[in-house]
Amino acid sequence: MVIERTDKEIIFRLPVDTDIHGLQRIVNYFKYKETIKASEGTEKQANKLANESKKRWWVENKQRFIK
């Protein structure tokens, strides 16, 4: 793995056999951090939104886990 810093960006170079699912979780975290950087919401509002999202996900996906 190589990490480069330029004047405008940070570049990660990873081997082609890197675990894509794990990498996607890291990318999602970076997107999250970038999104909330300018957020004016409160922690309580964020927790409420997260709980609503989890509930919606479960409604949409529970059939995959419970037969």
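To keep things clear, this report deals only with the structure shown in the data block. Predicted model only: the values in this text are computed from it and were never measured.

Quick notes on the rules
- Here, residues in each chain are numbered from 1, in the same order as that chain's written sequence.
- With the structure being a predicted model, the display of local features is reserved for residues of pLDDT at least 70 and the display and counting of side-chain atom pairs for 80 or more, all residues being used for whole-chain, interface and lining totals.
- Only hydrogens and water are set aside when side-chain values are computed; all heavy atoms of the structure are taken into account.
- The helix and strand labels rest on DSSP assignments: H or I over at least four residues marks a helix, E over at least two residues marks a strand, and numbering proceeds from the N terminus.
- Radius of gyration: C-alpha atoms only; globule rule: 2.2 Å multiplied by the number of residues to the exponent 0.38.
- Neither His nor the chain ends is counted toward charge; the positive residues are Lys and Arg and the negative residues Asp and Glu.
- By convention, the point assigned to a charge is CZ for Arg, NZ for Lys, CD for Glu and CG for Asp.
- Accessibility here uses a 1.4 Å probe with only protein chains present; expressed as a share of the type maximum, an area under 20% marks a residue as buried, one over 50% as exposed, and anything in between as partly exposed.
- Here a residue-residue contact requires only that any non-hydrogen atoms of the pair lie within 4.5 Å.
- Distance and chemistry together define a polar contact, namely a pair of N or O atoms within 3.5 Å, with one atom able to donate a hydrogen and the other to accept it when in protein, and with adjacent residues in sequence counting only for side-chain atoms on both sides.
- Salt bridges are defined as contacts in which a side-chain nitrogen from Lys or Arg sits within 4 Å of a carboxyl oxygen from Asp or Glu.
- Working definition: rings of Phe, Tyr and Trp (its six-membered ring) pair if their centres are within 6.5 Å, and the pair is stacked with planes under 30 degrees apart, edge-to-face with planes over 60 apart, and tilted otherwise.
- Any two strands with at least two DSSP-identified bridges between them are counted as paired.

1. Re the overall build of the chain
Stage number 1. Along its length, the chain carries two helices and two strands.
Stage number 2. Counting from the amino terminus, the chain carries its helices and strands in the arrangement β-β-α-α.
Stage number 3. For the chain, the C-alpha radius of gyration of 17 Å lies well beyond 11 Å, the compact-globule estimate for 67 residues.
Stage number 4. Overall, the C-alpha framework of the chain stretches about 45 × 35 × 10 Å when taken along its three principal axes.
Stage number 5. Averaging the locations of the 15 positively and 10 negatively charged side chains of the chain gives two centres separated by 9 Å.

2. Thoughts on the environment of Trp58
Stage number 1. On the secondary structure map, Trp58 appears in helix α2 (residues 43–61).
Stage number 2. Residue Trp58 is classed as partly exposed on the basis of its relative accessible area, which comes to 37%.
Stage number 3. Among all residues touching Trp58, those that are not within four sequence positions of it are Phe65 and Ile66.

3. Points about the side chain of Asn61
Stage number 1. By the element assignment, Asn61 lies in helix α2.
Stage number 2. In this structure Asn61 comes out as buried when scored by relative accessible area, which is 12%.
Stage number 3. Within the structure, Asn61 has its side chain in polar contact with the backbone oxygen of Trp57 (distance 2.9 Å).

4. Structural notes on the pattern of salt bridges
Stage number 1. Counted according to the given criterion, the structure contains two salt bridges.
Stage number 2. Here Glu4 makes a salt bridge to Arg13, at a shortest N to O gap of 2.8 Å.
Stage number 3. Among the residues examined, Arg13 registers a relative accessible area of 46% and is labelled partly exposed.
Stage number 4. Note that Lys37 and Glu34 form a salt bridge whose closest N and O atoms lie 3.1 Å from each other.
Stage number 5. A relative accessible area of 60% places Lys37 in the exposed class.

5. Structural notes on the packing of aromatic side chains
Stage number 1. Enumeration over the complete set of coordinates arrives at six aromatic pairs.
Stage number 2. One aromatic cluster in this structure is built from Phe12, Tyr29, Phe30 and Tyr32.

6. Here's the deal with the pairing of strand β2 (residues 10–13)
Stage number 1. Summarising the sheet, strand β1 (residues 2–5) and β2 pair through four bridges and their orientation is antiparallel. Note that in β2 the partner of Ile3 across the bridge is Phe12.
Stage number 2. Linking β1 to β2, which pair antiparallel, is a turn of four residues.

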